[in-house]
Amino acid sequence: MITENNLIEVRDLKKSFGKTEVLKGIDAEIKKGEVVVIIGPSGSGKSTFLRTLNLLEDPTGGKIYFEGVDITDPKTDINLHRQKMGMVFQQFNLFPHMTVMKNMTIAPVKLKKATKKEAEARAMTLLKRVGLDDKAEAYPSQLSGGQKQRAAIVRALCMQPDVMLFDEPTSALDPEMVGEVLDVIKALANDGMTMAVVTHEMGFAREVADRVLFIDQGIIMEQGTPEEVFGNPKSPRLKDFLSKVL
Amino acid sequence: MFDGFFEKLYTIYIENSAYTLLIDGLKNTLIIASIAVIIGIVLGAFVAVFKVIPRNNIFAKLLNGIASVYITVIRGTPVMVQLLLAYYGIFASSFRGNPNKALIIAILVFGINSSAYVAEIIRGGILSIDRGQMEAGRSLGLNYPSTMIKIILPQAIKNILPALGNEFIVMIKETSVAGFITVFDLTRATRAIVSDYYTAFVPYLTLAAIYLLLVLFATFLLNRLEKRLRKSDH
């Protein structure tokens, strides 16, 4: 059943790569305005889970509802729904042959969400907010890792998404640049943006998460508020995981 | 061998105005090479994309199959044979009365021939682009064709420009067989001069020098283009 305030609802989601079953039936929901942080050991399926939410990975089974629409239905135009689901990647994936500004405006202009002028104005406002307004005419190769990731976040925001998906946004960064990117994500969370974040930054998870999902061996082993998950872990797997990362 | 080389050169090309033949030939050589290279790149890009699209439905599989057969057949037969087959066979009764029939057929054949090689070059270029680029484009809501055209292909083309340039240079030289289907290209013009003046060395050496100059000029243009496209990586 679809509940009104669930932005994303996942039912019995399964994903296999060849014979390897990575997701073994996941049920989850993300409410409007909620910040869900997904943690788990590497190879647990947490990135795959995030990437199925906008169908970058095709699920092998189960259903995903986004704003009440079953996006796993082949008849659904996934491109339309992806416009409302921003995604930020571990490797930034800025388009290297375009200036930062062009990176920001290509999708909104091409998809007729805004005129070139409007898109540029919005991009400039957002770039200013993350301290990159002076880099609008630079190429991605001229930016540091932290700047690249901040630009990538703005690129996703330029589509005015209803939800943001972060796939280990700080894992490819030098340690001294992690903070500046996390600050941008925190500010977004405080603005009320709905988001799902896969991360290894436990301090960050504790600080911004409304709910933490612990994924291991392809299922959600445990979930709850940060206090519950970090303060009072129940499953031995989670206890074991936390003892290694904290 | 070089005795009186420049006198001969002068007598043939200037005094007897054979240079006009060369200019006619040069014009046709350049027309064939430049139009065919454009056909080759456009057609080649389509064939390359048909080969890399995800084969998750019957339509994609069909396109992929067609592209594979196309590349195999075109690359597996000599361009000379393709020319003869097109001129005396497939298009024997097409373009009737068109004085440029042979030229048009030569352009088509060289364009199609080149497209098979270019397709493989571009396919390599597309595969060399990190798959995160496609994912980033798709995650923004852009569809597959838009992402391919706006994001993947520009980067792929930039990476393969040296290989494409090489293809263009090969093409300039390959057009020298166009004379076999009556096209009055540089080589055929020179052969006419050779039989007019009963001398081979001077005209053929001149011919070789002209091809060399053409290739040098093409290389120069390509280097400039490459430099311009490298603007984004500092």
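Owing to the predicted nature of the structure, the values given are computational and were not obtained by experimental measurement.

**Q** Give me the lowdown on the overall build of chain A, citing residues and values where you can.
**A** When its secondary structure is counted, chain A shows nine helices and 10 strands. Its C-alpha atoms give chain A a radius of gyration of 18 Å, within 12% of the compact-globule value 18 Å for 246 residues. Dimensions of chain A along its principal axes, counting C-alpha atoms only, are 50 × 45 × 35 Å. Looking at chain A as a whole, 57% of its 246 residues are labelled buried.

**Q** Run through the side chain of B:Glu135, naming residues and quoting values.
**A** For B:Glu135, the position within the fold is in helix α6 (residues 131-139). B:Glu135 sits in the buried class, given a relative accessible area of 11%. Excluding residues that lie within four positions of it along the chain, B:Glu135 makes contacts with A:Arg51, A:Leu56 and A:Phe89.

**Q** Report on the sheet that holds strand β10 (residues 219-224) of chain A, specifying residues and quantitative values.
**A** All names here are of chain A. Spatially, six strands are ordered β6-β7-β8-β3-β9-β10 in an open sheet, and the strand pairing comes out mixed. Of all the strands in the sheet, just β6 (85-88) and β10 have a single pairing partner and so form its edges. Here the average twist between neighbouring strands, direction ignored, is 20 degrees. In this structure, strand β3 (residues 35-39) lies alongside strand β8 (residues 194-198), joined through four bridges in parallel fashion. Among the inter-strand pairings, Ile 38 is bridged to a residue of β8, identified as Val 198. The strands touched by helix α1 (residues 46-53) are β3, β6, β7 (163-167), β8 and β9 (211-216); relative to β7, the strand with the most contacts, the crossing angle is about 150 degrees.

**Q** Give me the lowdown on the layout of surface pockets, citing residues and values where you can.
**A** What the largest pocket holds in volume is close to 1400 Å³. Elements with a minimum of two residues in the lining of the largest pocket: β4 (61-66) and α2 (78-82) of chain A together with α2 (19-52), α3 (58-76), α5 (101-128), α6 and α7 (144-174) of chain B.

**Q** Talk me through the side chain of B:Asn64; I want residue IDs and the actual numbers.
**A** Residues and elements named next belong to chain B. By the secondary structure assignment, Asn 64 is in helix α3. Given the relative accessible area of 12%, Asn 64 is considered buried. Those residues within four positions of Asn 64 in sequence are excluded, and the remaining contacts are Phe 50, Lys 51 and Arg 55.

**Q** Which residues make up the packing of α7(B) against helix α9 (residues 201-229) of chain B, and what values do they have?
**A** Residues and elements named next belong to chain B. It is the contact of α7 with α9, at a shortest axis distance of 10 Å, that shows an interaxial angle of 165 degrees. Of the possible angle classes, the one that applies to α7 and α9 is roughly antiparallel. Seen from above, α7 lies across α9 with right-handed handedness. From α7, Lys 158, Leu 161, Pro 162, Gly 165, Phe 168, Ile 169, Ile 172 and Lys 173 reach across to α9, where they touch Tyr 211, Leu 214, Val 215, Ala 218, Thr 219, Leu 222, Leu 225, Glu 226 and Leu 229. In the contact of α7 with α9, the residues fall into 12 nonpolar, two polar and three charged.

Thresholds applied
Residues numbered from 1 in each chain as written. Chains lettered and ligands numbered in written order. Predicted model: local features only at pLDDT ≥ 70, side-chain atom pairs only at ≥ 80, totals over all residues. Heavy atoms only, no water. Helix = DSSP H or I, 4+ residues; strand = E, 2+ residues; numbered from the N terminus. Rg over C-alpha atoms; globule rule 2.2 N^0.38 Å. Buried < 20%, exposed > 50% of the residue type's maximum accessible area, 1.4 Å probe, protein only. Contact = heavy atoms within 4.5 Å. Pairing = 2+ DSSP bridges. Axes fitted to C-alpha atoms, helices over the stretch in contact; angles between N-to-C directions. 1 Å grid on protein atoms, 1.4 Å probe; cavity = no way out; pocket = protein on both sides within 12 Å on 5 of 7 lines; lining within 4 Å. Points joined across faces, edges and corners; volume = space filled by probe spheres on them. Parallel < 35°, antiparallel > 145°, perpendicular 65-115°, else oblique. Left-handed = near helix turned anticlockwise from the far one by under 90°. Nonpolar A, V, L, I, M, F, W, Y, C, P; charged D, E, K, R; others polar.

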